[in-house]
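# Observations on chain architecture
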Amino acid sequence: MTGSTTTSTSRNTKRARAGAAVLAVLTVAAATAGCKAQAAGDAPAAPSAPPPATAGDDGKPTAPPSSPTASPSPTAPTATASPTPKKPDPQGTTLMASGSQGKQVRELQARLRQIGHFDRSPTGYYGTVTVAAVQSFQGKRGLTRTGKADTLTWQKLLGMTREPTATELNPPTTRPVTKPDKRCMTGRVLCISKNSRTLSWMIDGRVVSSMDVRFGSQYTPTREGTFSVYWKSRHHVSSIYHTAMPYAMFFSGGQAVHYSSDFAARGYNGASHGCVNVRDEGKIASLFAQVKNGDKVVVYG
């Protein structure tokens, strides 16, 4: 009996140990199942924790939805700032400004001269002198000193002045014309005096028109003597200095009588490169139409 009992006990012990071993294998298998690749068609395991928050379109963190079926929260509309409307200029629209030219500029200059704000004859060109004259007028009338002839400035000027006469708009010259050189007394002549700084267009000793002129500097002097017009060029541009020389009438090499916008703007503060500059465009346009190739040119001191 003892041997039989011992054998039975030994068999039970072996069965218990085998069962424990099987249970241990199943426990390990269950613990490592989540590390295997998910097969197609298997249901995904539910996450143990929600994913981290992500940044939305407005730059702020956005929390994920609480459940797969929950719809995302609507994004609040972003307010758009409307552009600030530009305030109108209290002095109105600009009618004339630096660089303008024409009849209205000439009238502006003549009216400013009537009340002491423009100290020379009208030229029809709106240069630095005209800008300073308009600023002076505006300052005296309590307006903003823009130097531009706007509608309010123009209306005030019209109310303080009268309509300019033909002589005020187109004076013969701002400088007195000297006695012509004797070489100018016969034929068709551009009689040019360096002393009086004037040009007189003369036919058989009679002065047809006169205008202010300026000459070259001491480094590029205007030649003196008797010459003749050999070429006319209405829209000429200097091939050396690349500057405009409208209504050019050449008389000695590259020297010519021509209109100068710089002379119109700055007056005698500047100088030419040897040419005879005219600052009144209207006058030289008329002169250009009358002068012919071969007409005499006399330049004297």
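To be clear, the structure that these remarks concern was listed above.
Structure report, in brief. Counting restarts for each chain, with residues numbered from 1 along the sequence as it is written. Predicted model: local features are reported for residues with pLDDT of at least 70 only, side-chain atom pairs are reported and counted for 80 or more only, and whole-chain, interface and lining totals are derived from all residues. Values shown for side chains rest on all heavy atoms present in the structure; no hydrogens or waters enter the calculation.

### Comments concerning the packing of helix α2 (residues 103–114) against helix α4 (residues 151–160)
Spelled out, the test is: Working convention: axes come from line fits to C-alpha atoms, limited for helices to the stretch in contact. Angles between N-to-C directions cover 0 to 180 degrees. Note on conventions: DSSP H or I runs of at least 4 residues are helices, E runs of at least 2 residues are strands, and numbering of each starts at the N terminus. These descriptions rest on fixed angle ranges, namely under 35 degrees for roughly parallel, over 145 for roughly antiparallel, 65 to 115 for roughly perpendicular, and the rest for oblique. Less than a right angle of anticlockwise turn of the near helix away from the far helix marks a crossing as left-handed, whereas a clockwise turn marks it as right-handed. The contact criterion used is simple: two residues touch if any of their non-hydrogen atoms lie within 4.5 Å. Following the grouping adopted for this structure description, the nonpolar residues are Ala, Val, Leu, Ile, Met, Phe, Trp, Tyr, Cys and Pro, the charged ones are Asp, Glu, Lys and Arg, and the polar ones are all others, Gly among them.
Running from amino to carboxyl end, α2 crosses α4 at an angle of 55 degrees, the nearest separation of the two axes being 10 Å. The angle between the axes of α2 and α4 places the two elements in the oblique class. Of the two elements, α2 crosses α4, and the hand of that crossing is left-handed. Residues Gln104, Glu107, Leu108, Arg111 and Leu112 of α2 touch α4, and the partners they reach there are Trp154, Leu157 and Leu158. Across the contact of α2 with α4, the residue classes tally to 5 nonpolar, 1 polar and 2 charged.

### Focus on the environment of Asp204
As a reminder of what qualifies: Per-residue accessibility, obtained with a 1.4 Å probe over protein chains only, is compared with the maximum for each type, and a residue is labelled buried under 20%, exposed over 50%, and partly exposed between these values.
In this fold, Asp204 is placed in the loop between β6 (198–203) and β7 (206–214). Residue classification places Asp204 among the exposed residues on the basis of a relative accessible area of 59%. Through-space distance from the C-alpha of Asp204 to that of Arg188 is 6.4 Å; in sequence the pair is 16 residues apart. Aside from chain neighbours lying at most four places away, what touches Asp204 is Met185, Thr186 and Gly187.

### What about the environment of Gly301?
Residue placement: Gly301 occurs in the segment after β13 (296–300). Once you skip the residues sitting within four places of it in the chain, Gly301 turns out to touch Lys194, Asn195 and Glu224.

### Describing the state of the cysteines
The cut-off we apply is this: Disulfides are defined as pairs of cysteine sulfur atoms found within 2.5 Å of each other.
Tallied over the full model, the rule gives 1 disulfide. There is a disulfide in this structure between Cys184 and Cys191, and the S-S distance comes to 2.2 Å. An S-S torsion of about 80 degrees defines the bridge between Cys184 and Cys191 as right-handed. An identical accessibility class is assigned to Cys184 and Cys191; each is buried.

### Side note on unusual backbone geometry
In this structure, Arg197 is a non-glycine residue whose phi angle is positive, near 55 degrees. Turning to its location among the elements, Arg197 is positioned in the loop between β5 (188–193) and β6. A relative accessible area of 28% places Arg197 in the partly exposed class. Its identity is not glycine, yet Asp204 carries a phi of approximately 50 degrees, on the positive side.

### Some words on the pattern of salt bridges
Cut-off, in case you're wondering: Any Lys or Arg side-chain nitrogen found within 4 Å of a carboxyl oxygen on Asp or Glu counts as a salt bridge.
For the structure on display, the rule yields 10 salt bridges. Note that Arg106 is salt-bridged to Asp280, the shortest N-O span being 3.1 Å. Of the two residues, Arg106 sits in helix α2 while Asp280 sits in the loop between β12 (276–278) and α7 (281–290), which places them 174 residues apart along the sequence. Each member of the pair, Arg106 together with Asp280, is buried.

### Details of the sheet that holds strand β9 (residues 231–237)
To be explicit about the condition: When DSSP finds two or more bridges between a pair of strands, those strands are recorded as paired.
Taken in spatial order, the 9 strands of this open sheet run β8-β13-β5-β6-β7-β12-β11-β10-β9, and their pairing is mixed. One side of each edge strand has no neighbouring strand; the edge strands of this open sheet are β8 (225–228) and β9. Strand-to-strand twist across the sheet, computed as the mean angle between neighbouring axes with direction ignored, equals 30 degrees. Pairing analysis gives 2 bridges linking β7 to β12, with the strands arranged antiparallel. Bridged to Arg214 within β12 is Asn277.

### Observations concerning α7
In an α-helix, one full turn covers 3.6 residues, which means residues spaced three or four apart are oriented alike. Heads up, the rule is: This arc describes the spread of directions from the helix axis toward the C-beta atoms. Polar contacts, as used here, are pairs of N or O atoms within 3.5 Å; protein pairs need one atom able to donate a hydrogen and one able to accept it. Residues neighboring in sequence count only if both atoms are side-chain atoms.
Looking at α7, one finds that the buried residues are Lys283, Ile284, Leu287 and Phe288. Considered in projection along α7, the buried side chains sweep an arc of 135 degrees and stay on one side of the axis. Where α7 begins, the side chain of Asp280 points an oxygen toward the backbone nitrogen of Gly282, at a separation of 3.1 Å.

These figures come from the coordinates and say nothing about function on their own.
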